[in-house]
Amino acid sequence: MNFKCFTIDDWFITNRRLFGSPLENTVTLVLDKFLKSLPAGSRIILNEPSDLFTNRLTFDAYEKWVLGLVVKHPQLKFEIGIQIHLQWVDSFWIYNNWVFPRLNKFFQQHHIPWGISEFSIYDRVWKRRLSLSGR
């Protein structure tokens, strides 16, 4: 209860196959119970892998899900996080150049901030290997 910021990682991409099925109610109830237990004003970052944002139809469904959470839990402050390896962000942009403008439009319409969350083991693995190799 002393924390004011929480992350929910990969929830949508993991559970989207359940939407519209009988299992949806159970999974959604667990998430709703957790969100209701948080202190009012808590910041909730909905982190999803960048792959989720590469398909426009999935993106549409994701936006609806986020807006549904905002309606159900108005006491919380939601944000969107895109998990991406920063070394690949340029490639992501080249192939999915519609995503960032669309997220900006979503923010402007609904005041739900978004950002990129580094999701990489570069510092723990590759940086060490490169420094040991003398490069």
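Residue positions are counted from 1 within each chain, in the order its sequence is given. Confidence filtering applies because this is a predicted model: local features only for residues at pLDDT of at least 70, side-chain atom pairs given and counted only at 80 or more, and all residues used for totals across whole chains, interfaces and linings. As a rule here, side-chain values come from all non-hydrogen atoms in the structure, and water together with hydrogens is ignored.

A few words on the packing of helix α3 (residues 56-72) against helix α5 (residues 99-110). The axes used here are C-alpha line fits, helices contributing only the stretch in contact, and every angle between their N-to-C directions lies in the interval 0 to 180 degrees. Strands here are runs of E lasting at least two residues and helices are runs of H or I lasting at least four, both read from the DSSP assignment and numbered beginning at the N terminus. Interaxial distance between α3 and α5 falls to 13 Å at its minimum, and their mutual angle equals 25°. When the interaxial angle is binned, α3 and α5 end up roughly parallel. In this structure, α3 crosses over α5, and the sense of that crossing is right-handed. On α5, the residues that touch Arg56, Phe59, Asp60, Glu63, Val66 and Leu67 of α3 are Val99, Arg102, Leu103, Phe106 and His110. Considered class by class, the residues forming the contact of α3 with α5 number six nonpolar, one polar and four charged. Put simply, angles under 35 degrees are roughly parallel, angles over 145 are roughly antiparallel, angles from 65 to 115 are roughly perpendicular, and the rest are oblique. In this scheme, a crossing is called left-handed if the near helix is turned counterclockwise away from the far one by less than a right angle; it is called right-handed if the turn is clockwise. The criterion used for residue contact is that any of the two residues' heavy atoms lie within 4.5 Å. Here the nonpolar group is Ala, Val, Leu, Ile, Met, Phe, Trp, Tyr, Cys and Pro; Asp, Glu, Lys and Arg are the charged ones; every other residue, Gly included, is treated as polar.

A separate point is unusual backbone geometry. Even without being glycine, Asp10 reaches a positive phi, approximately 60°. Looking at the element boundaries, Asp10 is found in the loop between β1 (5-9) and α1 (11-15). Relative accessibility decides the category of a residue: with a 1.4 Å probe and only protein chains considered, values under 20% of the type maximum give buried, values over 50% give exposed, and everything between is partly exposed. For Asp10, a relative accessible area of 26% corresponds to the partly exposed category. For His111, which is not glycine, the phi dihedral falls at a positive 60°. Relative to the assigned elements, His111 resides in the loop between α5 and β4 (114-118). For His111, a relative accessible area of 62% gives the class exposed.

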